[in-house]
Amino acid sequence: MAWELLAEWGRLEDEERWEKLDFLEFALRESHALGAEQVRQVLDVANSVAYWDEMIGGFVRDPLLEQLQAVRDDFVDVAYGVLDSLVA
């Protein structure tokens, strides 16, 4: 969620950025991907209206999303395994 918001951050109108700033901070903190100082630094850069996707050279992989997908995939595999054992 935080990544998506940062990727569009520079394209938001000033008012939209101010409305979403608290949510961005919440998403960054709750992701537990960054320490408190790193969150502060990200917010400082976000307040300068940075185009995050252009700063990093375009849209790149999102490690948090990849981690979520891996966990989801493991869960689905286990769920199907249990279902198969119940049917058999």
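On a predicted model such as this, the values are computed, not experimentally measured, just so you know.

Chemist: Quick rundown of the overall build of the protein chain? Include the residues and the values.
Modeler: Counting its secondary structure elements, the protein chain contains 5 helices and 0 strands. Shown N-terminal to C-terminal, the secondary structure of the protein chain runs as helices and strands in the order α-α-α-α-α. Within the protein chain, the proportion of its 88 residues that are buried is 24%.

Chemist: Account for helix α2 (residues 14–31), with residues named and values stated.
Modeler: Helix length check: α2 (18 residues) gives 25 Å between terminal C-alpha atoms against 26 Å at 1.5 Å per residue, within 8%. Taken as a whole, α2 carries its principal kink of about 45 degrees at lysine 20. At the C-terminal side of α2, histidine 32 shows a positive phi close to 55 degrees.

Chemist: Residue-level account of a nonpolar patch on the surface, with values.
Modeler: A cluster of nonpolar side chains, contributed by Val76, Val78, Tyr80, Val82, Leu83, Leu86 and Val87, occupies part of the molecular surface with about 710 Å² of accessible area. Tracing the sequence through the fold places valine 78 in helix α5 (residues 63–87). A relative accessible area of 55% places valine 78 in the exposed class.

Chemist: Lay out the pattern of salt bridges with the relevant residues and their values.
Modeler: When their charged atoms lie close together, side chains carrying opposite charge are able to pair. For the structure shown, the criterion picks out 5 salt bridges. In this structure, arginine 29 and glutamate 25 form a salt bridge, with 2.9 Å as the shortest nitrogen-oxygen distance. Pair noted here: arginine 29 and glutamate 25 are both in helix α2, with a separation of 4 residues, about one helical turn. Judged by its relative accessible area of 26%, glutamate 25 falls in the partly exposed class. When salt bridges that share partners are traced, they join Glu37, Arg40 and Asp44 into one network.

Chemist: Any details on the nonpolar core? Residues and values, ideally.
Modeler: Counting residues in each nonpolar core, the largest one holds 13 residues, and the members touching the most others are Leu6, Trp9, Leu24, Leu28 and Leu43. When residues of this core are traced back to their parent elements, those giving at least two are α1 (2–8), α2 and α3 (36–46).

Chemist: With reference to specific residues and values, describe the confidence of the model for the protein chain.
Modeler: Across the protein chain, pLDDT averages 77, with 75% of residues at or above 70. The spread of mean pLDDT over the elements of the protein chain runs between helix α4 (residues 52–55), the lowest at 61, and α2, the highest at 90.

Chemist: Just give me the short version of α3, but keep the residues and values in it.
Modeler: An α-helical segment advances 3.6 residues per turn. Residues three or four places apart therefore align on the same side. Regarding α3, the residues found buried are Val39, Val42, Leu43 and Ala46. For α3, the arc enclosing every buried residue in end-on projection is 100 degrees, short of the 170-degree limit, so these residues lie on one face.

Chemist: Break down unusual backbone geometry for me, citing the residues and quoting the values.
Modeler: Phi angles above zero are rare outside glycine, and histidine 32 is one such case at about 55 degrees. Tracing the sequence through the fold places histidine 32 in the loop between α2 and α3.

Rules used throughout
Residues numbered from 1 in each chain as written. Predicted model: local features only at pLDDT ≥ 70, side-chain atom pairs only at ≥ 80, totals over all residues. Heavy atoms only, no water. Helix = DSSP H or I, 4+ residues; strand = E, 2+ residues; numbered from the N terminus. Buried < 20%, exposed > 50% of the residue type's maximum accessible area, 1.4 Å probe, protein only. Expected span 1.5 Å × (residues − 1). Bend = angle between axes of the 7 residues up to and from the residue. Patch = residues over 30% accessible without salt bridge, like charges linked within 9 Å, V, L, I, M, F, W, Y side chains within 5 Å. Areas by Shrake-Rupley, 256 points an atom, 1.4 Å probe, with all protein chains shown as cover. Salt bridge = Lys/Arg side-chain N within 4 Å of Asp/Glu carboxyl O. Core = buried A, V, L, I, M, F, W, Y, C linked by side-chain atoms within 4.5 Å. pLDDT = per-residue confidence, 0-100. Arc of directions from axis to C-beta.

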